[in-house]
Amino acid sequence: MIEVENLRKSFGLNRAVDGVSFKISAGEVVGFLGPNGAGKTTTMRMITTYLVPDGGRISIAGVDAERDPHGVRQNIGYLPESAPLYLDMGVLEYLRFVAAIRKIPRGIRIERLKKLVKACGLEGMLDRKVGYLSKGYRQRVGLAQSMIHDPKILVLDEPTSGLDPNQIIEIRDLIKNIGEKKTVILSTHILPEVQTTCNRVLIIDHGKIVGDGDPEKLAASMQGGKTSFNVAIKGERKKVESALEAAPFLTSFSRHDVKNGESLYTLNSSETEGVGEKIFRLAVDNDFVLTELRREVASLEKVFASLTLGEGEA
Amino acid sequence: MRNCLIIASKEFRSYFRTPIAFVFLSVFLLVMGWMFFWVGNPPFFKRGIVEMRSFFGSLPFVFLFFIPAISMRMWSEEKKLGTLETLLTMPIREGEVVVGKFLAGFGLLVVSFVLTLPIPIMLSMIGDPDFGPIWGGYIGSIFLGAAYLAIGLFASGLTENQIVAFILGWAVSLLLFLIGYLQLQGLLPASLEEIAHHLSLYTHFQSIQRGVLDSRDVVYYLSVIVFFLFLNARTVKHRR
């Protein structure tokens, strides 16, 4: 669906995008993840033909972006960062304007607009001036605008930035629904967003791709065949610790807190399967009370930090 | 062409959605009414002649401030808000947007002229004016206004700051205007007289205003308009 090959773009001496290549197939929801200034927005601007690359090739649904930018624009819906809109227009007026430029035939225009208004939750807002809308509603108008021509691909630049937590959840749900039918690229620097909305993540740093894959697998690969558990154990501390010391399946453990007679530990193991069960048996055999047993999943935060800051082990 | 009209209608309406149109039209009519009735020696009521010379004599100067004011926001606001990005990733050409925006400004210009028509109507009721110079004045003003507009639009495309766009549009228009004004006053060195006469917005305005529509003047204004609209499309296209 989207093929990008060795894409390059510089602004003066700053190489904003420096040899980016990737392929995205139909139906994927891909998250561009990277620190601010990593080149996410510039890459998106080139995909949407707003900027012309210095080098490289972009092909969208089989259409070459350099040779036929208007053909590419037909297939893409784009929501730029912070949803820029004409503040003096009404919501419906604006959507009609976009529909006219997008050449939606008059016969189906009303039908299309009705569907979009419903899908984006804009009922009751149609006569409001865009300038008076909250940030969340502006984002919805921006989303509606990007889908007016029913494009195969949606490019969303930081769709949830600047929203409050409730609005973030609403917009994410919207994107999830859209993602069931369309190919979506979205950029963000909020990590949990990628884990909840995307089925693939591209980590971009200094204009290059430094990580690519399923968010969960990417996180798991960082752990390198080790598992750790967070546990809370009730029992005499000396006894507990000597039992942990003696356990053959644990490589190390550390205590971080003691409260109400419970001790909180992090247990590390070199085994990957059945460690939780073994910890449970250990507690039962020694007559300890296990009040918490939680496997620690390496978060994308750690993957991100290690890839973009060059830290070794996360 | 269809796209031009969509943009033109959106931009024209946005003049009326914001206070711009109302402020522009009311202040323009106030200033021009004052120019018509009170400027000139003797002023209109003591003159005893039904004509609009003081009106068309002052119009090029009034436009110098008014036209950049209606063109300054057209591109700079798109850049500042970021709407340029949404607009130019839709299937529309830069040139079509340029022409659309120009047509919208031109529409407002036409409205402002229509609103001054009560002056010639009144003149024809109280006397027997020579309509040659009056129509000449209107036609010349429309061409002059359109040329200022193209220059102002070009200036707006260079910056995301409306104040900068205004001053730039004003300065370029003033320069093209002033060289002719100075030439007609005999204030330019002989070597520059010829060029100034051909290039200036003012000399051609004076020529049309006399009531004779010379094709050279029309071609001149059309080339100025097309030249700046073309530059405008180029600068918008070569963003960064």
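In this text the structure is predicted, and so the values were computed from the model without any measurement. (Residues numbered from 1 in each chain as written. Chains lettered and ligands numbered in written order. Predicted model: local features only at pLDDT ≥ 70, side-chain atom pairs only at ≥ 80, totals over all residues. Heavy atoms only, no water.)

A. View of the overall build of chain B. Scanning chain B from N- to C-terminus turns up 13 helices and 0 strands. Ordered by position from the N terminus, the helices and strands of chain B form the series α-α-α-α-α-α-α-α-α-α-α-α-α. Projected onto its principal axes, the C-alpha positions of chain B cover 60 × 45 × 30 Å. Counted over contacts in chain B with a minimum sequence separation of 6, partners at least 24 positions apart contribute 72%. With an accessible surface of roughly 11,000 Å², chain B has 71% of that area assigned to carbon and sulfur atoms. Counting 18 positive and 14 negative side-chain charges, chain B places the averaged centre of each group 8 Å from the other. (Helix = DSSP H or I, 4+ residues; strand = E, 2+ residues; numbered from the N terminus. Contact = heavy atoms within 4.5 Å. Areas by Shrake-Rupley, 256 points an atom, 1.4 Å probe, with all protein chains shown as cover. Lys, Arg positive; Asp, Glu negative; His and termini not counted. Charge placed at Lys NZ, Arg CZ, Asp CG, Glu CD.)

B. Region of interest: the packing of helix 1 (residues 2–17) of chain B against helix 7 (residues 94–114) of chain B. All names here are of chain B. Helix 7 packs onto helix 1 with a crossing angle of 45° between their chain directions and a minimal axis gap of 7 Å. As judged from the angle between their axes, helix 1 and helix 7 are oblique. Once helix 1 is placed against helix 7, the crossing between them reads as right-handed. Contacts from Asn3, Cys4, Leu5, Ile7, Ala8, Glu11, Phe12, Tyr15 and Phe16 of helix 1 reach helix 7 at Glu96, Val97, Val99, Gly100, Lys101, Leu103, Ala104, Gly105, Gly107, Leu108 and Val111. Class assignment for the residues of the contact of helix 1 with helix 7 results in 13 nonpolar, 4 polar and 3 charged. (Axes fitted to C-alpha atoms, helices over the stretch in contact; angles between N-to-C directions. Parallel < 35°, antiparallel > 145°, perpendicular 65-115°, else oblique. Left-handed = near helix turned anticlockwise from the far one by under 90°. Nonpolar A, V, L, I, M, F, W, Y, C, P; charged D, E, K, R; others polar.)

C. Looking closely at the interface of chain A and chain B. Counting residues at the interface gives 28 residues for chain A and 26 residues for chain B. Of all residues in chain A, A:Tyr50, A:Tyr86 and A:Ile101 bury the most surface against chain B, accounting for 26% of the area lost on that side. At the boundary of chain A and chain B, one finds 3 salt bridges. The shortest N-O distance in the salt bridge between A:Arg45 and B:Glu85 comes to 2.9 Å. Scanning the region where chain A abuts chain B turns up 9 residue pairs in polar contact (both at pLDDT 80 or more). At the level of elements, strand 1 (2–11), helix 2 (69–75) and helix 3 (91–101) of chain A are the ones that each hand at least two residues to the side of chain A that touches chain B. Per-element tally for the side of chain A that touches chain B: the top contributor is helix 3 of chain A, with 6 residues. (Buried area = accessible area lost by both parts, 1.4 Å probe. Salt bridge = Lys/Arg side-chain N within 4 Å of Asp/Glu carboxyl O. Polar contact = N/O pair within 3.5 Å; in protein donor to acceptor, adjacent residues only side chain to side chain.)

D. Spotlight on the sheet that holds strand 12 (residues 250–259) of chain A. All names here are of chain A. The sheet built from 4 strands is open, its strands ordered 12-13-11-14 with antiparallel pairing. Both outer strands of the open sheet, strand 12 and strand 14 (289–296), are each paired with one neighbouring strand and no more. This sheet shows a mean twist of 20° between the axes of neighbouring strands, independent of strand direction. (Pairing = 2+ DSSP bridges.)

E. Molecular detail of the packing of aromatic side chains. Residues and elements named next belong to chain B. Summed over all chains, the structure comprises 29 aromatic pairs over all chains. Taken together, a centroid distance of 6.1 Å and an interplanar angle of 20° make the contact between Phe102 and Phe106 stacked. With Phe102 and Phe106 both in helix 7 and 4 residues apart, this pair spans about one turn of that helix. Relative accessible area serves as the criterion here: at 9%, Phe102 is assigned to the buried category. Note on Phe106: relative accessible area 25%, which makes it partly exposed. Seen from their ring centres, Phe131 and Trp135 are 5.8 Å apart, and the 20° between their planes marks the pair as stacked. On the criterion of helical spacing, the pair formed by Phe131 and Trp135 is a turn pair, its members being 4 residues apart in helix 9 (residues 131–156). A connected cluster of aromatic rings, assembled from ring pairs, spans Phe24, Phe28, Phe55, Phe56, Phe63, Phe66, Phe113, Phe131, Trp135 and Tyr138. (Phe/Tyr/Trp six-rings, centres within 6.5 Å; stacked < 30°, edge-to-face > 60°. Buried < 20%, exposed > 50% of the residue type's maximum accessible area, 1.4 Å probe, protein only.)

F. Structural view of the environment of A:Met125. All names here are of chain A. Relative to the helices and strands, Met125 is located in the loop between helix 4 (106–119) and helix 5 (135–147). Under the relative-accessibility criterion, Met125 is labelled buried at 12%. Along the sequence, Met125 and Leu95 sit 30 residues apart, while their C-alpha atoms lie 12 Å from each other. The contact partners of Met125, leaving out residues within four places of it in the chain, are Val91, Leu133 and Tyr137.

G. Up close: the pattern of salt bridges. Enumeration over the complete set of coordinates arrives at 21 salt bridges over all chains. The salt bridge partner of A:Lys208 is A:Asp18, with a shortest N-O separation of 3.1 Å. Remark: A:Asp18 occurs in strand 2 (residues 14–24) and A:Lys208 occurs in strand 10 (residues 208–213); sequence separation between them is 190 residues. What makes A:Lys208 partly exposed here is its relative accessible area of 41%. Of the charged contacts, one joins A:Glu93 and B:Arg17 as a salt bridge, the two residues approaching to 2.4 Å between their closest N and O atoms. With A:Glu93 in helix 3 and B:Arg17 in helix 1, the pair connects residues from two separate chains. If you follow the salt bridges from partner to partner, you end up with A:Glu3, A:Glu5, A:Arg57 and A:Asp64 in one network.

H. Just the packing of helix 5 (residues 73–81) of chain B against helix 7 of chain B, in detail. All names here are of chain B. At a minimum axis separation of 11 Å, helix 5 and helix 7 run at an interaxial angle of 125°. Classified by the angle between their axes, helix 5 and helix 7 sit oblique to one another. Where helix 5 abuts helix 7, its residues Met74, Trp75 and Glu78 lie against Val97, Val98, Lys101, Ala104 and Gly105.

I. How the structure looks around the environment of B:Glu94. Residues and elements named next belong to chain B. Note on placement: Glu94 falls in helix 7. For the pair Glu94 and Thr235, spaced 141 residues apart in sequence, the C-alpha to C-alpha distance is 9.5 Å. The contacts of Glu94, once residues within four sequence positions are left out, are Leu88, Ala233, Val236, Lys237 and Arg239.

J. Layout of a nonpolar patch on the surface. A surface patch of nonpolar side chains, about 350 Å² in accessible area, is lined by B:Met1, B:Leu5, B:Val99 and B:Leu103. The residue B:Val99 is located in helix 7 in this model. (Patch = residues over 30% accessible without salt bridge, like charges linked within 9 Å, V, L, I, M, F, W, Y side chains within 5 Å.)

K. Expanded view of the confidence of the model for chain A. Averaged over every residue, the pLDDT of chain A is 86; residues scoring 70 or more account for 94%. Considering each helix and strand of chain A separately, the mean pLDDT is smallest for helix 8 (residues 215–223) of chain A, with a value of 68, and largest for helix 3 of chain A, with 95. (pLDDT = per-residue confidence, 0-100.)

L. Quick peek at a positive patch on the surface. On the surface, a cluster of positive charge is made up of A:Arg96, A:Lys103, A:Arg106, B:Arg2, B:Arg93, B:Arg234 and B:Lys237. Among the structural elements, B:Arg2 can be located in helix 1. On the accessibility criterion, B:Arg2 (42% relative accessible area) is partly exposed.

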